[in-house]
Amino acid sequence: MTLTLSLPPELEQYLIQEAQQQGLSVETYALQLLQKEKQLKTVNVLQSWIDESDEQEQQETGEYLINALDENRLSNRQLFPQELKGVSW
């Protein structure tokens, strides 16, 4: 995809300088900035889930996931053996 942007001269100069300092092309540097922004949004969403979540609900969800992973295994060996609860997970 090709995207053409009209930037104010100050912002264009800033991007050029930062890209040069990083040893990158302006296009690569701009793409990295966009990817970082996406990562930050993802981290913020995850953090909001942690901050807003009910601790009891998190505990129940964790137990459900552990049980589901152990039940759906092709081998009889459990990923989360009960005797290691609190020691390794």
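The shown structure was predicted, so the numbers you read here are calculated from the model rather than taken from an experiment. (Residues numbered from 1 in each chain as written. Predicted model: local features only at pLDDT ≥ 70, side-chain atom pairs only at ≥ 80, totals over all residues. Heavy atoms only, no water.)

1. A word on the overall build of the protein
Point 1. Helix and strand counts for the protein stand at 3 helices and 0 strands.
Point 2. When the helices and strands of the protein are placed in sequence order, the string is α-α-α.
Point 3. For the protein, the C-alpha radius of gyration of 23 Å lies well beyond 12 Å, the compact-globule estimate for 89 residues.
Point 4. Taking the principal axes of its C-alpha atoms as reference, the protein extends roughly 65 × 30 × 25 Å.
Point 5. Taking all 89 residues of the protein together, the buried fraction comes to 8%.
Point 6. Surface summary for the protein: the accessible area is close to 8,200 Å², and the carbon and sulfur share equals 54%.
Point 7. The positive charge centre, built from 6 side chains, and the negative charge centre, built from 15, are 9 Å apart in the protein. (Helix = DSSP H or I, 4+ residues; strand = E, 2+ residues; numbered from the N terminus. Rg over C-alpha atoms; globule rule 2.2 N^0.38 Å. Buried < 20%, exposed > 50% of the residue type's maximum accessible area, 1.4 Å probe, protein only. Areas by Shrake-Rupley, 256 points an atom, 1.4 Å probe, with all protein chains shown as cover. Lys, Arg positive; Asp, Glu negative; His and termini not counted. Charge placed at Lys NZ, Arg CZ, Asp CG, Glu CD.)

2. So, a negative patch on the surface
Point 1. Taken together, D54, E55, E57 and E60 make up a surface patch of like negative charges.
Point 2. For E57, a relative accessible area of 46% puts it in the partly exposed group. (Patch = residues over 30% accessible without salt bridge, like charges linked within 9 Å, V, L, I, M, F, W, Y side chains within 5 Å. Salt bridge = Lys/Arg side-chain N within 4 Å of Asp/Glu carboxyl O.)

3. Some remarks on the packing of helix α1 (residues 9-22) against helix α2 (residues 26-52)
Point 1. In the contact formed by α1 and α2, the axes pass within 9 Å of each other and the chain directions differ by 95 degrees. The angle between α1 and α2 falls in the class roughly perpendicular. Of the residues in α2, those in contact with Y14, L15, I16, E18, A19 and Q22 of α1 are V26, Y29 and L33.
Point 2. Of the residues that constitute the contact of α1 with α2, the class distribution is 7 nonpolar, 1 polar and 1 charged. (Axes fitted to C-alpha atoms, helices over the stretch in contact; angles between N-to-C directions. Parallel < 35°, antiparallel > 145°, perpendicular 65-115°, else oblique. Contact = heavy atoms within 4.5 Å. Nonpolar A, V, L, I, M, F, W, Y, C, P; charged D, E, K, R; others polar.)

4. Here's the deal with the confidence of the model for the protein
Point 1. Chain-level statistics for the protein give a pLDDT mean of 86 and a share of 98% at 70 or above.
Point 2. Averaged pLDDT values for the elements of the protein fall to 84 in helix α3 (residues 55-71) and rise to 96 in α1. (pLDDT = per-residue confidence, 0-100.)

5. Thoughts on the side chain of D70
Point 1. Within the fold, D70 resides in helix α3.
Point 2. Leaving out residues up to four positions away in the same chain, D70 has contacts with Q78, L79 and F80.

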